[in-house]
Amino acid sequence: MALPNCSLKVNRELLDPSFESYRLSLDSIPTYNVELDAAVAEVKLKDSQYTLDHMKAFGMYNYLHIDPWYEDSVYFVDNKGRVLNFTITLDTALGKPREVFRFESPPSSCEGEQVCASLSLTSATWAALTDGTGTLTLLRTSKRGESSHQKWEPMFSKRLGEPFLIVHSLTHMHAHVHTVEVLLLRIQKDPSDTKGSGFSISLEWITVDNSPGQGEERKYEVRKKRMMKGKSVPHYAAVEPQGKGVIIASEKPFTFTEVDGVPLEEPHDENMEVEKLDPIYFWQQTEGDVTVCVRLPEGTTKDDIRFKLTVDCLRVGVGDYAPLLDGQLFAPVDPEASTWSIKDDKSLEVHLQKRSEGPLWSEFILGDRRGEYLMNDEQKSQLQQRLSYLTAEDLNPDPEKEKPPCNTQELEDCDMFPEDGSTLMRFDGTTLKPTHVVNLGSNQFLFSVHTDPSEMPAFCLRHDVDALLLQPRPNQDNDIWEHVATFNALGYVQASKRDKKFATCAPNFSYSALGECLRRVFIYRQPSPVDTVLFNRKRGQQVGQVAKQQVANLDTNNPVLGFRASNERLFILTANNMFVLKVNN
């Protein structure tokens, strides 16, 4: 069965087409430095961990974890095996990090294969922890903001095979049973991969609960294991509330392969290929209109058609079945001047009148790759003429002419595309089948961030030069990835930072931040009203708002290992220091 395709909807009201640039501000950022008692438990890559996926997962790992439930509270693990909490109440009186839990043996003393120790704050009173050797520990933390002096109590600990990172975790209650959902990431050797790197990526979705056994007291045990396989480290992976599904963004798609050790049946590749090669609609256009022909099931009548058209969205369905087309159009149309009709009892022909004549559409429905674009002879000839200057018999025969040949060396990082387009997929927790698939295309993944503890982590994608923050809302039928904020020009700005290691934003979207491997931190604030009267020199127009950029240089030569933001502060972790930047008052 073909995968259901959908698109990401952009909220135009959150875009600022008049945004010009950031203005460098020389205002000093109050910076506070706390020296650590012991170094952070950094695990360096071994010679056997040589692939790009190892670098993405372990070499770029964020060792600092912020508490979404209690503001300005962060956690990390040091090389003595201590989980340390650093909470700020007063900037001018910063204390030392406080121990909340200690491993039986420090990570640095472990022999054999090991990855970074990782922590996931599961709820306001629970946390999931691993020492990096393959043991999962679930801890009851009490209410961390109110009982900051209490040590965390382990409620479950079990070795689960090869070392892993904890990607995400959450808890939920049903019928007096407390359940913890945990998502684990591993990079494992794959002997069957003879043409690639020799490694495969696995995501293991584990369910632990305290349901009563036969005549036993309530005890936390692993109740279910679901294994997913892929060929690239995911940019984003998170379990939905109540464990109803999982959402994954990655360069190469993931599929569920087994449940509780039992392999799942693989889909028949031939049928998949037939459906991939067989478009469900064909479309063509002129400067003023667009015509699309949608294939209809045999025996479809006019009364069976479900048609809905607005200025920027189209939905076409048959009866009570899932819509054949449903999504945002490439550009606005005039609904009153648009028509549809059934052609030869086999297809539905829709004629759309463009609201603005001239520009040709690059796609019909944003993100929908199931159609085929048909160009007429005149359009083919025009396209060939426009591209003719890119080809020549000789290499760069006349570099001084008006349109010199394309030189790939002049391209910037922001102009490059990955070999494989990234996909965003939502899997149902019961059927383990994909229910929503988005081809991200050129929408480069930038970062993920927890903006609301009651919801899944949000993620940020590049959209043209901007960066859009999308919040997963699985309960919404049509728009499960909602555009909630925009960071102007951040998509273009971050591409110029060759040494960028981390990116994040404040939970209230007031600023975004980029952190380099060493020392430098860039802060980009949202536009704010100016106190004085300013005029644009070129146009002579008064400027009402200014977006500021600030740069901070940290007093350290150690690499940055952790990077997290709250609404007021930016926390930066190095091997021996914790830096706190007071960004907002």
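Structure report, in brief. Remember, it's a predicted structure, so these values are computed and weren't measured experimentally.

A look at the overall build of the chain
And then number 1: Scanning the chain from N- to C-terminus turns up four helices and 40 strands.
And then number 2: In the chain, which comprises 585 residues, the share counted as buried stands at 46%.
And then number 3: Considering only intrachain contacts with a sequence separation of at least 6, the fraction spanning at least 24 residues in the chain is 56%.
And then number 4: Accessible surface for the chain amounts to roughly 31,000 Å². Of this, 47% is attributable to carbon and sulfur atoms.

Considering empty space enclosed by the protein
And then number 1: Evaluated as defined, the whole model comprises five cavities of 30 Å³ or more.
And then number 2: Taken as a whole, the largest cavity spans an internal volume of roughly 40 Å³.
And then number 3: Leu36, Asp37, Ala38, Phe76, Arg82, Leu84 and Pro97 are the residues that line the largest cavity.

A closer look at the sheet that holds strand E7 (residues 118–121)
Across a sheet, strands are paired by hydrogen bonds formed along the backbone, either parallel or antiparallel in direction.
And then number 1: Within the open sheet, the four strands sit side by side as E7-E8-E9-E10. Their pairing is antiparallel. Strand pairing shows two members of the sheet lacking a second neighbour, E7 and strand E10 (153–159), which therefore form its edges. Adjacent strand axes in the sheet meet at a mean angle of 15° when their direction is disregarded.
And then number 2: The pairing of strand E9 (residues 135–140) with E10 spans six bridges and is antiparallel. Within the sheet, the bridge partner assigned to Arg140 lies in E10 and is Glu153.

Concerning the pairing of strand E8 (residues 126–130)
A regular strand places its side chains so that they alternate between the two faces of the sheet.
And then number 1: Taking burial as the measure, the five residues of E8 include five buried ones, the bulk of the element.
And then number 2: Here E8 shows no split at all, with Trp126, Ala128 and Thr130 on one side and Ala127 and Leu129 on the other all buried.
And then number 3: With four bridges connecting them, E7 and E8 associate as antiparallel partners. Looking across to E8, one finds that Leu119 is bridged to Leu129.
And then number 4: A loop of four residues connects E7 with E8, the two strands running antiparallel in sequence.
And then number 5: Where E8 meets E9, five bridges bridge the pair, whose relative direction is antiparallel. For Ala127, the partnering residue across the bridge sits in E9 and is Leu139.

Section: the pattern of salt bridges
And then number 1: Evaluation of the coordinates by the stated rule reveals 26 salt bridges.
And then number 2: A salt bridge links Glu240 to Arg426; its shortest N-O distance comes to 2.6 Å. Taken together, the positions of Glu240 in the loop between strand E15 (236–239) and strand E16 (245–250) and Arg426 in strand E27 (residues 422–428) put the pair 186 residues apart, joining distant regions of the chain.
And then number 3: Here the salt bridges share partners, and the residues they tie into one network are Asp72, Glu568 and Arg569.

Let's talk about the packing of aromatic side chains
Geometrically, a pair of aromatic rings is defined through the distance of the ring centres and the angle of the planes.
And then number 1: A complete count under the given rule lists 17 aromatic pairs for this structure.
And then number 2: Taken together, the ring pairs in this structure connect Tyr281, Trp283, Phe330, Trp361, Phe364 and Tyr373 into an aromatic cluster.
And then number 3: Over the ring of Trp205 we find Arg226; its NZ or CZ atom is 3.9 Å from the centre of that ring.
And then number 4: Above the face of the Phe522 ring, Lys497 is positioned so that its terminal group lies 4.8 Å from the ring centre.

Basis of the calculations
Residues numbered from 1 in each chain as written. Predicted model: local features only at pLDDT ≥ 70, side-chain atom pairs only at ≥ 80, totals over all residues. Heavy atoms only, no water. Helix = DSSP H or I, 4+ residues; strand = E, 2+ residues; numbered from the N terminus. Buried < 20%, exposed > 50% of the residue type's maximum accessible area, 1.4 Å probe, protein only. Contact = heavy atoms within 4.5 Å. Areas by Shrake-Rupley, 256 points an atom, 1.4 Å probe, with all protein chains shown as cover. 1 Å grid on protein atoms, 1.4 Å probe; cavity = no way out; pocket = protein on both sides within 12 Å on 5 of 7 lines; lining within 4 Å. Points joined across faces, edges and corners; volume = space filled by probe spheres on them. Pairing = 2+ DSSP bridges. Axes fitted to C-alpha atoms, helices over the stretch in contact; angles between N-to-C directions. Salt bridge = Lys/Arg side-chain N within 4 Å of Asp/Glu carboxyl O. Phe/Tyr/Trp six-rings, centres within 6.5 Å; stacked < 30°, edge-to-face > 60°. Lys NZ or Arg CZ within 6 Å of the ring centre and 35° of its normal.

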